[in-house]
Structures are given as C-alpha cells and as structure tokens.
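Below, each chain spelled out in residue letters.
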Amino acid sequence: MNDNTYVRTEIQDLIATVTIDRQAKLNALNPQVIAEIDAAFDGLGGDPAVRVVILTGAGDKAFVAGADIGVLATMGPRTGVAVSREGQEVLRRIERFPKPVVAAVGGYALGGGCELAIACHLRVASERARFGLPEVGLGIIPGYGGTVRLARLVGLGRAVEMVLTGDMVTAERAAEIGLANLVVPHEDLMERTRKLAGRIARNAPVALEMALKSMYEAVESNMEHALELESTLFGLLASTDDMQEGMAAFLEKRRAAFKGE
C-alpha cells in the first residue's frame, strides 16, 4: 500500500492493482491525481514482485470521468499547453511501461479517463462501462493523446466519429470496434481482470517486456525498422535464463518457473 491521497497500490500474486480513488469527483484527473499515478508507476517499474499492473477506479460509477473541469476552466494558452503535456507524459509512460498494464473499466471512462484507458495495453470493461471523448462540447479537444491513440486502436473513421460527436459508446460497442478487449458482468470485473492478468503473469517477464516493445515500436515506425527490431529482440531473448527454462519445461511437459532473468 502507499499513502497517497488519491491513488493506492496493492500487490498480490505478482499483480499490482493501482486504484484511483477520488469518488466525490468520479475519480476525475487533476494535477495531484496525475502526479500520484506517475509516482505509483515509478515505484512498480523495477519491483520484481510485480509482473502485471491493473489500473482501475474506485466505486461503481466511474473508472475516471475525465479531467477536472474546474482546473481546465482556468487555463490560458500557455498553461493549456503545459496541462496537456503533463498528462501526455504520464500516459506515455504507461504506454511504454515495461510490464503489461490492464485497465479495469467499471463505469465512465470519459475525456482524460478514456485517454488513460487507451494508454493501457489492454482494457477489460464491465457491462456498465461507457467510453467517450466529449471535449469538443467544451470548446477543446482531447489533450492527453486521445486524438493520436484512438485512431490507431479503432481506425480513423471510428475515431473521428467519436471525437467530433463527443458521444459515449457502450461497453459492447467498445468491444465491437476494438476499444475494449473483453466485456464482463459488472460484479465480476476485478475477478475477471485478475484472471487475465494472472494468465499474463505466468509467462516469461523479459519476453513480455520485449513483446510489448516490439509491437509498440512497430506501430510508430516503418516495416523494415520494425522487423529489424523484432529480430534483435528475438536474439537477445536467447541469452536469458527464462528462455532456457521455457524450452526445458516444454520438453519435460511441466509448467515453467520463470524468474525474469
């Protein structure tokens, strides 16, 4: 556990659960919440007791209902750029995190909350989840990477529709368009998310890190560079103890005991 005001972290069975708990404001993001999320991930990056991170919001109403409008309303041009860059940097850190990050979305994921969810590597949504980027109705645009990541995730046409209308989409629609990986009954959200995280956590940690690196670099580069990087990472993994263990376990018909080495 940590002693932050709005973000708490619990670690169990190789899985860290990071919970945003600002329920009076539907877990809305303000500078303190963003800083506490950043600090939580900073502490988990090098922790050998953690192989997968679940990011969620407290309560039954919201994952994160957006950025704090009271803060945004005070922006000027220069401070607006700073607010956007601060959020972008923290979400980029999550996207580039060396361990898989799974968002457990149990309610509203709107604005900055939707952007936070799509910065995670996977998204599990309860049937009550709602996703949306309503910023144009406030006279702004998504500023934490939403106009960049959403199109890469769901395709340009669907992303343009969501951003220009500001409409929310249901959990079922989110799954149809690739925004959510899995939709589950609301009461089963954390259990099902932990099961998914557990399936990931039993795999080789260094291989998980290299797989994420290869896939995300590929999205941002040309084919030749992406293939060259994949070959390099493939070769580097041949030097790990985990590769030797994984191969031996397969041949011996037993479960591998990976150590992340």
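Quick notes on the sheet that holds strand 8 (residues 130–132)
By way of backbone hydrogen bonds, the strands of a sheet pair with one another, either parallel or antiparallel.
Part 1 of the reasoning: Taking strand neighbours across the sheet as the criterion, the 4 strands line up as 4-6-8-9 in an open arrangement whose pairing is mixed. The open sheet is flanked by strand 4 (62–64) and strand 9 (169–170), the only strands paired with a single partner.
Part 2 of the reasoning: As defined by bridge partners, strand 4 adjoins strand 6 (residues 108–110) across 2 bridges and the pair is classed as parallel. Residue pairing across strands places Ala62 opposite Tyr108, the latter belonging to strand 6.

Quick look at the packing of helix 1 (residues 31–44) against helix 3 (residues 77–95)
Part 1 of the reasoning: Where helix 1 meets helix 3, the closest approach of the two axes is 10 Å, and the angle between their N-to-C directions is 25 degrees. Judged by the inter-axis angle, helix 1 sits roughly parallel to helix 3. Two packed elements cross with a definite hand, and for helix 1 against helix 3 that hand is left-handed. Of the residues in helix 3, those touching helix 1 at Pro31, Ile34, Ile37, Asp38, Phe41 and Asp42 are Glu86, Val90, Arg93 and Ile94.
Part 2 of the reasoning: Of the residues that constitute the contact of helix 1 with helix 3, the class distribution is 6 nonpolar, no polar and 4 charged.

Digging into unusual backbone geometry
Excluding glycine, most residues fall at negative phi; most peptide bonds, likewise, are trans.
Part 1 of the reasoning: Positive phi values are uncommon outside glycine, yet Leu26 reaches one of about 55 degrees.
Part 2 of the reasoning: Counting through the fold element by element, Leu26 comes out in the loop between strand 2 (15–20) and helix 1.
Part 3 of the reasoning: The class of Leu26 is partly exposed, set by a relative accessible area of 31%.
Part 4 of the reasoning: With a phi angle near 60 degrees, Asn27 is a residue other than glycine that sits in the positive phi range.

Some thoughts on the nonpolar core
Part 1 of the reasoning: Core analysis: the biggest nonpolar cluster contains 48 residues, and Ile37, Leu55, Phe131 and Leu179 have the highest contact counts within it.
Part 2 of the reasoning: Not counting residues up to four positions away in its chain, the partners in contact with Ile37 are Val7, Ile20, Leu29, Val90, Ile94 and Leu116.
Part 3 of the reasoning: Counting 13 residues, the second-largest nonpolar core is a separate cluster that includes Leu189, Ala197, Ile200 and Ala201.

Describing the pattern of salt bridges
Part 1 of the reasoning: The tally for this structure, following the rule as stated, stands at 14 salt bridges.
Part 2 of the reasoning: The salt bridge involving Glu220 is made with Arg96; its shortest N-O contact spans 3.7 Å. Linking Glu220 in the loop between helix 9 (205–219) and helix 10 (223–237) with Arg96 in the loop between helix 3 and strand 5 (101–105), this pair joins segments that are 124 residues apart in sequence.
Part 3 of the reasoning: Look at Glu220 and you get partly exposed, because its relative accessible area is 34%.
Part 4 of the reasoning: Residue classification places Arg96 among the partly exposed residues on the basis of a relative accessible area of 35%.
Part 5 of the reasoning: Measuring nitrogen to oxygen at the nearest pair gives 3.1 Å for the salt bridge that ties Glu176 to Arg173. Here Arg173 and Glu176 lie together in helix 7 (residues 171–177), a separation of 3 residues that amounts to about one turn.
Part 6 of the reasoning: Classification of Glu176 by relative accessible area gives exposed; the value is 58%.

Let's talk about the side chain of His121
Part 1 of the reasoning: Mapped onto the secondary structure, His121 falls in the loop between helix 4 (112–119) and strand 7 (122–126).
Part 2 of the reasoning: Setting aside its immediate chain neighbours within four residues, His121 contacts Ile94, Glu95, Phe97, Lys99, Pro100, Val101, Leu212 and Tyr216.

A few points about the sheet that holds strand 2
Part 1 of the reasoning: Taken together, the 6 strands give an open sheet; going across it, the order is 1-2-3-5-7-10, and neighbouring strands pair in mixed fashion. Whereas interior strands pair on both sides, the edge strands pair on one side only; in this sheet they are strand 1 (7–12) and strand 10 (182–184). On average, each strand axis in the sheet is tilted by 20 degrees relative to the strand beside it, whichever way the strands run.

Digging into the packing of aromatic side chains
Part 1 of the reasoning: Counted by the stated rule, this structure contains 1 aromatic pair.
Part 2 of the reasoning: Look at Phe41 and Phe97: their rings are 5.1 Å apart centre to centre, the planes differ by 90 degrees, and that puts the pair in the edge-to-face class. A residue pair is termed long-range when its members are at least 10 positions apart, and Phe41 in helix 1 and Phe97 in the loop between helix 3 and strand 5 qualify at 56 residues. Both residues of the pair, Phe41 and Phe97, belong to the buried class.

Parameters and conventions
Residues numbered from 1 in each chain as written. Predicted model: local features only at pLDDT ≥ 70, side-chain atom pairs only at ≥ 80, totals over all residues. Heavy atoms only, no water. Pairing = 2+ DSSP bridges. Helix = DSSP H or I, 4+ residues; strand = E, 2+ residues; numbered from the N terminus. Axes fitted to C-alpha atoms, helices over the stretch in contact; angles between N-to-C directions. Parallel < 35°, antiparallel > 145°, perpendicular 65-115°, else oblique. Left-handed = near helix turned anticlockwise from the far one by under 90°. Contact = heavy atoms within 4.5 Å. Nonpolar A, V, L, I, M, F, W, Y, C, P; charged D, E, K, R; others polar. Buried < 20%, exposed > 50% of the residue type's maximum accessible area, 1.4 Å probe, protein only. Core = buried A, V, L, I, M, F, W, Y, C linked by side-chain atoms within 4.5 Å. Salt bridge = Lys/Arg side-chain N within 4 Å of Asp/Glu carboxyl O. Phe/Tyr/Trp six-rings, centres within 6.5 Å; stacked < 30°, edge-to-face > 60°.

Spatial relationships are all this shows, so hold off on functional conclusions.
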